[in-house]
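Understanding the architecture of this molecule
One-letter residues, chain by chain:
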Amino acid sequence: MLIESLDNMKLFLALLTALTAAQAADFQLKATPSTVAWGYYWSEAKPVLRVKSGDTVSIQTMTTSSPTSLARGGVKDEDIQPELKKIYAEVTGTAKGPGGHILTGPIYIEDAEPGDVLEVQIQNIELSTPYASNGFSPQRGVLPATDFQQAHTKIIPLDVKRNVARFADNIEIPLHPFFGSMGVAPDESKGRLNSAPPGDHAGNIDNKDLVVGTTLFIPVHVKGALFEVGDGHAGQGNGEVDITAMETSLVGTFRFVVRKDMHLKWPRGETPTHWIAMGLDPDLTQALILAVREAIDFLVTEKHLSREDAYALCSVAVD
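Residues numbered from 1 in each chain as written. Predicted model: local features only at pLDDT ≥ 70, side-chain atom pairs only at ≥ 80, totals over all residues. Heavy atoms only, no water.

1. A closer look at the nonpolar core
Counting residues in each nonpolar core, the largest one holds 33 residues, and the members touching the most others are Ile-109, Phe-227 and Phe-256. For this core, the elements supplying multiple residues, two or more each, are strand E5 (49-51), strand E6 (56-60), strand E7 (102-109), strand E8 (117-127), strand E13 (178-183), strand E16 (215-219), strand E17 (225-233) and strand E18 (250-259). (Core = buried A, V, L, I, M, F, W, Y, C linked by side-chain atoms within 4.5 Å. Buried < 20%, exposed > 50% of the residue type's maximum accessible area, 1.4 Å probe, protein only. Helix = DSSP H or I, 4+ residues; strand = E, 2+ residues; numbered from the N terminus.)

Following this line, the structure appears as structure tokens:
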């Protein structure tokens with residue numbers, strides 16, 4: 001749910017942050033077989049980097065598309081990232097799963113404790129390849145399996161100079177790169193959590209509004225938070241109806257801040273113009289109920305409205 005922000009200065013500050021982010025990173029984290037968590041968020045995952053609150057990290061991430069599917073779609077072998085090939089060759093067996101996303105991390109943030117909130121400022125995002133891919137199979141997506149008889153992969157060229165994806169000769173899509181999956185380790189009672197369903201740890205929220213200059217706030221469940229990121233998209237519709245977006249590899253610069261003064265039940269987003277209240281549940285009706293409650297809590301806590309007025313405002317002004 002989108003709630004308009006009244007502070008227009010945030011737009012200027014966000015743009016200024018994005019312009020300076022590339023040279024501001026305190027650490028660089030490359031995607032290698034030893035620095036990725038393939039398909040899971042987990043409280044027992046071994047940190048690959050330790051940072052302090054306030055530090056910035058440039059993080060390389062890999063597309064969810066395999067070298068095989070990219071080659072089948074027409075990408076030349078020399079245009080497939082060697083890092084992706086190496087990860088596919090060396091991360092095998094029980095090191096993978098139960099989900100399918102290649103996530104870089106986890107990153108341990110000093111002083112982050114259960115009950116805190118991790119503020120993740122998205123300062124910069126760079127495309128790593130001049131193409132993205134979209135793929136589906138008859139068994140996945142919102143349509144019945146009878147609608148399509150076989151799987152399909154489409155390679156989509158990216159024109160970085162013009163900031164568009166060339167989907168077809170007569171169709172261009174503006175690029176809006178973002179990370180589909182950004183999250184922390186879940187509570188230890190949940191074990192090794194599949195990377196596909198999002199939850200109170202954030203994870204695979206696929207929120208296309210969380211681009212450069214925005215912030216994600218995530219409840220912390222374990223010491224150090226254990227942040228992971230991946231599932232890069234060059235852009236996405238308002239919902240991945242065939243289950244994939246414009247999948248691609250990205251490099252992101254993030255600033256991590258441990259917030260002792262915030263206490264959230266669910267992730268929350270902030271853009272230069274809006275706050276985003278989130279509710280996540282397999283049942284869309286329950287997700288809506290949670291999102292409305294989160295919006296009410298935000299308006300009561302941050303804008304000091306009564307709960308009754310906050311509920312009314314959700315009905316008359318919130319997207």
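Moving on from the model shown.
2. Focus: the pattern of salt bridges
Scanning the entire structure with this criterion turns up 12 salt bridges. Residue Lys-190 is joined to Asp-200 by a salt bridge in which the shortest nitrogen-to-oxygen separation is 3.2 Å. With Lys-190 in the loop between E13 and strand E14 (193-194) and Asp-200 in the loop between E14 and strand E15 (202-203), the pair connects residues that are 10 residues apart, well separated along the chain. Given a relative accessible area of 41%, Lys-190 falls into the partly exposed group. Each of Asp-159, Arg-162, Arg-166 and Glu-172 takes part in a single network of salt bridges with overlapping partners. (Salt bridge = Lys/Arg side-chain N within 4 Å of Asp/Glu carboxyl O.)

3. Concerning the layout of surface pockets
In this structure, the largest pocket encloses a volume near 1,000 Å³. Lining the largest pocket are 30 residues, and of these Ile-205, Asp-206, Gly-279, Leu-280 and Leu-284 lie nearest its centre. Broken down by secondary-structure element, the contributors of at least two residues to the lining of the largest pocket are strand E20 (274-277) and helix H4 (284-303). No other element matches H4, which puts four residues into the lining of the largest pocket. (1 Å grid on protein atoms, 1.4 Å probe; cavity = no way out; pocket = protein on both sides within 12 Å on 5 of 7 lines; lining within 4 Å. Points joined across faces, edges and corners; volume = space filled by probe spheres on them.)

4. A closer look at the sheet that holds strand E9 (residues 131-136)
The strand order across the open sheet built from four strands is E9-E10-E11-E12, with neighbouring strands paired in antiparallel fashion. Of all strands in the sheet, those with a lone pairing partner are E9 and strand E12 (171-174), marking the two edges. Neighbouring strand axes in the sheet, compared pairwise and without regard to direction, differ in orientation by 30° on average. In the sheet, E9 pairs with strand E10 (residues 152-159) via six bridges, with the strands oriented antiparallel. Its bridge partner lying in E10, Ala-132 is registered against Ile-156. (Pairing = 2+ DSSP bridges. Axes fitted to C-alpha atoms, helices over the stretch in contact; angles between N-to-C directions.)

5. Some points on empty space enclosed by the protein
Inspection of every chain in the model, using the stated rule, returns one cavity of 30 Å³ or more. Of the voids in this model, the largest cavity is the one considered here, and its volume is about 50 Å³.

6. What about the packing of H4 against helix H5 (residues 307-317)?
In contact at an axis separation of 9 Å, H4 and H5 are set at 125° when each is read in the N-to-C sense. In terms of orientation, H4 and H5 fall into the oblique class. As H4 packs across H5, the resulting crossing turns out to be right-handed. Along its contact with H4, which presents Val-292, Ala-295, Ile-296, Asp-297, Leu-299 and Val-300, the element H5 presents Arg-307, Ala-310, Tyr-311, Leu-313 and Cys-314. (Parallel < 35°, antiparallel > 145°, perpendicular 65-115°, else oblique. Left-handed = near helix turned anticlockwise from the far one by under 90°. Contact = heavy atoms within 4.5 Å.)

7. Side note on H4
Here H4 is 20 residues long and its end C-alpha atoms lie 27 Å apart, about the 28 Å a rise of 1.5 Å per residue gives. Inspection of H4 places Ala-287, Leu-290, Ala-291, Val-292, Glu-294, Ala-295, Ile-296, Phe-298 and Leu-299 among the buried residues, and these make up the whole buried set. Packed against the buried residues of H4 are strand E1 (2-4), strand E19 (268-270), E20 and H5. Sitting at the amino-terminal end of H4 is Asp-283, which places a side-chain oxygen 2.8 Å from the backbone nitrogen of Thr-285. Looking at the residues trailing H4, positive phi occurs at His-304, about 60°. (Expected span 1.5 Å × (residues − 1). Polar contact = N/O pair within 3.5 Å; in protein donor to acceptor, adjacent residues only side chain to side chain.)

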